[in-house]
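# Structural description and commentary
One-letter residues, chain by chain:
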Amino acid sequence: MSRILATAISEFRIAFRNRWVSIATGMMVLFALVLAAAGSAPTGDVGVDRLSVTVASLTSLAVYLVPLLALLMSFDAVAGEVERGTLPLLLTYPVSRLQILLGKLLAHLAILALAVTLGYGAAALVAVWSDPAAVQGLGSLWRLIWTSVLLGATFLGAGCALSALARRPSGAAGLAMALWLVAVVLYDRALLALIVTDGGGAFTTRALPVALLANPADAFRVFNLSAAEAVAAAGGIGGAAGAIPLWQSAASLFPWPLAAIGLAVAAFRKVTP
Amino acid sequence: MTATLTLSRLTKRFGDMEALKAVSLSLEPGKRAALLGHNGAGKSTLMKIVLGLIPFDGGEVSVCGAAPGSPSARAQVAYLPENVAFHPALTGEEQLRHYLALRGESPRQAMELLGRVGLAHAAQRRIGTYSKGMRQRVGLAQTLIGRPRLLVLDEPTSGLDPVSRRDFYDLLDGLAAEGTAILLSSHVLTEVEARTDSILILSGGQLVAEGTLAALRARAALPVAFSVFPAPGHEASLAAAFPEAATGADGHLRLSCPQAEKLPLIARIAALGDHVADLDVIPPSLEDIYSHFSRRDGQ
């Protein structure tokens, strides 16, 4: 445990020096404040407190931004060590590859948690400031934070796995962007296209819920929207969230980080310095 | 005494190429061995196998009584890679604190270790601003953590100035005196000659010679060279006395003979009395011995 912690402290320091902490936090705060300002319009129409509406908008933001930040931070994890030539020496130390990877993930996860907490927190402050009744929505804010951390852990693990598979930072960056595009952007577009062509048939009723749960980003969105009962406030794919029981989307959120980290460790073990 | 490092018939292949062919050696506590060889002779491959960084195909390797790369072996072995690198964003002190923590030692020793390699003044600066020699010292400092039983040093003095090299070998002498076995590779044969106990010569993946410098010198049986300087006016008589000699630019004579005939030749020269102004005896250098053993078949 102390070796994981030592690695995490060192990684956090490096991320801080490389301005990752300020970039991640700044990005989340900026986007959250823009959404909080823009999200004031629908209040009253849907009959929920202002913070819950903000959380619904933040969910749509986080589903893109959290995976992006996670991949940007983690794609260098193994490939960077290989390129700098620091990996052989590190691997002669009495520390396992699992410990090295967990240390790096822990540091990146702490940065991500800090960024989402400050970002969402800023948006929540704006909401509560303009409408004191919005404190009712604090529960959904808290839910958004911890699910964002889980979503982040999934993509951090995936980024580390790609980093170990590519072994070169440029290749790892390309793979990370491809993963983001496919898992976060194109997957939804494809589902949407299928719904339209299906016209409420077997695909929409049977395959769609499974397809949504099979993607961590969609499971995150579905869970947050249905838990906040803010489905109506969200359009597009999110509208399908009502059809999926809460426990199913929650159950899909937890195994993903473990699977991604497992994959990363397996890929890292194959790297020969 | 149990050996710290034992290799027996170690074989490593990269595809069709045999990088190491049945290499056997053992290194006892407190002994310093120098691994010599051309680029591509297999030195780094051998070191990486000892460290457990790459697998091997045949033979046996025992590092401090354990398998190479096992947790027990890694806890007792320290490594300095060739062209050692660190994260440029960390300071020297932060990097060492990290390494200390990974070895389960107190990070407070970082400054003391940096002091031992003469880097205390730069401890708070980022490694990205260090010169190659300074990075090499950080690399050296991390090998001193926690009294390792085996040190594996790949080209440890590259990038160090002559004074730093001497300090470096002084540090090694101290470690060896405490029982640490040291395996190092170097291209600078003169320093290896003076500061190691035995020499291992790898050529084409084979261990072609092993032993102390004196033993290798005897085995190689290379000729001893002589420079004889004639006294003024005796150039011609001296040249006539040694018809086999070559004449150098300033009139001195160059002779060579097998080790066994060294003393008779000196006696012959001495018998010429005041015809001879001076005499230099030049034993075969480590370079000569090294070239003799590392010469490949057919060359």
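Residues numbered from 1 in each chain as written. Chains lettered and ligands numbered in written order. Predicted model: local features only at pLDDT ≥ 70, side-chain atom pairs only at ≥ 80, totals over all residues.

### Some words on the overall build of chain A
- Along the backbone of chain A there are twelve helices and zero strands.
- Going from N to C terminus, chain A has its helices and strands arranged as α-α-α-α-α-α-α-α-α-α-α-α.
- The C-alpha atoms of chain A give 19 Å as radius of gyration, which agrees with the globular expectation for 273 residues (19 Å, within 12%).
- Projected onto the principal axes, the alpha-carbon positions of chain A cover approximately 60 × 45 × 30 Å.
- Here chain A, with 273 residues, has 49% of them falling under the buried criterion. (Helix = DSSP H or I, 4+ residues; strand = E, 2+ residues; numbered from the N terminus. Rg over C-alpha atoms; globule rule 2.2 N^0.38 Å. Buried ≥ 20, exposed ≤ 12 C-beta atoms within 10 Å, placed from the backbone.)

### Let's talk about the overall build of chain B
- Counting its secondary structure elements, chain B contains eleven helices and 13 strands.
- If one aligns the C-alpha atoms of chain B with their principal axes, the spans along those axes are about 75 × 45 × 35 Å.

### Focus: the domain arrangement of chain B
- In terms of domain boundaries, chain B breaks down into domain 1 (5-218) and domain 2 (223-283).
- For domain 1 of chain B versus domain 2 of chain B, the separation of C-alpha centres amounts to 44 Å. (Domains from an automatic or database assignment.)

### With respect to the confidence of the model for chain A
- For chain A, mean pLDDT is 85; residues scoring 70 or higher make up 90% of the total.
- For chain A, helix α9 (residues 202-213) of chain A is the element with the lowest average pLDDT, namely 79, and helix α5 (residues 87-91) of chain A is the one with the highest, namely 94. (pLDDT = per-residue confidence, 0-100.)

### What about the sheet that holds strand β13 (residues 276-282) of chain B?
Residue and element names in this part refer to chain B.
- As summarised here, the arrangement of the four strands in space is β11-β12-β10-β13, forming an open sheet in which the pairing is antiparallel. Every other strand in the sheet has two partners, leaving β11 (246-247) and β13 as the edge strands with one partner each.
- With five bridges connecting them, strand β10 (residues 224-230) and strand β12 (residues 253-257) associate as antiparallel partners. Looking at the pairing, Val228 lines up with Leu253 of β12. (Pairing = 2+ DSSP bridges.)

### Side note on helix α12 (residues 255-269) of chain A
Residues and elements named next belong to chain A.
- Given a rise of 1.5 Å per residue, 15 residues ought to cover 21 Å, and the 21 Å separating the end C-alpha atoms of α12 matches this to within 8%.
- Residues of α12 that are buried include every one of Trp256, Pro257, Ala260, Ile261, Ala264 and Phe268, and no others. Buried positions in α12, seen along its axis, are confined to an arc of 125° and lie on one side of it.
- Tucked inside the fold, the buried residues of α12 contact α6 (97-130), α7 (138-166), α10 (216-227) and α11 (246-253). (Expected span 1.5 Å × (residues − 1). Arc of directions from axis to C-beta. Contact = placed C-beta atoms within 7 Å.)

### Remarks on the pairing of strand β5 (residues 77-80) of chain B
All names here are of chain B.
- Judged by which residues are buried, β5 turns out to be covered on both faces: Val77 and Tyr79 on one side and Ala78 and Leu80 on the other are all buried.
- With four bridges connecting them, β5 and strand β6 (residues 150-154) associate as parallel partners. Bridging from a neighbouring strand, Tyr79 pairs with Val152 of β6.

### Considering the interface of chain B and chain A
- Taken together, the contact pairs 21 residues of chain B with 20 residues of chain A.
- Every element with two or more residues in the side of chain B that touches chain A is listed here: α2 (71-76), β5 and α3 (92-102) of chain B.
- Here the side of chain B that touches chain A is built from residues that sort into 15 nonpolar, three polar and three charged. (Nonpolar A, V, L, I, M, F, W, Y, C, P; charged D, E, K, R; others polar.)

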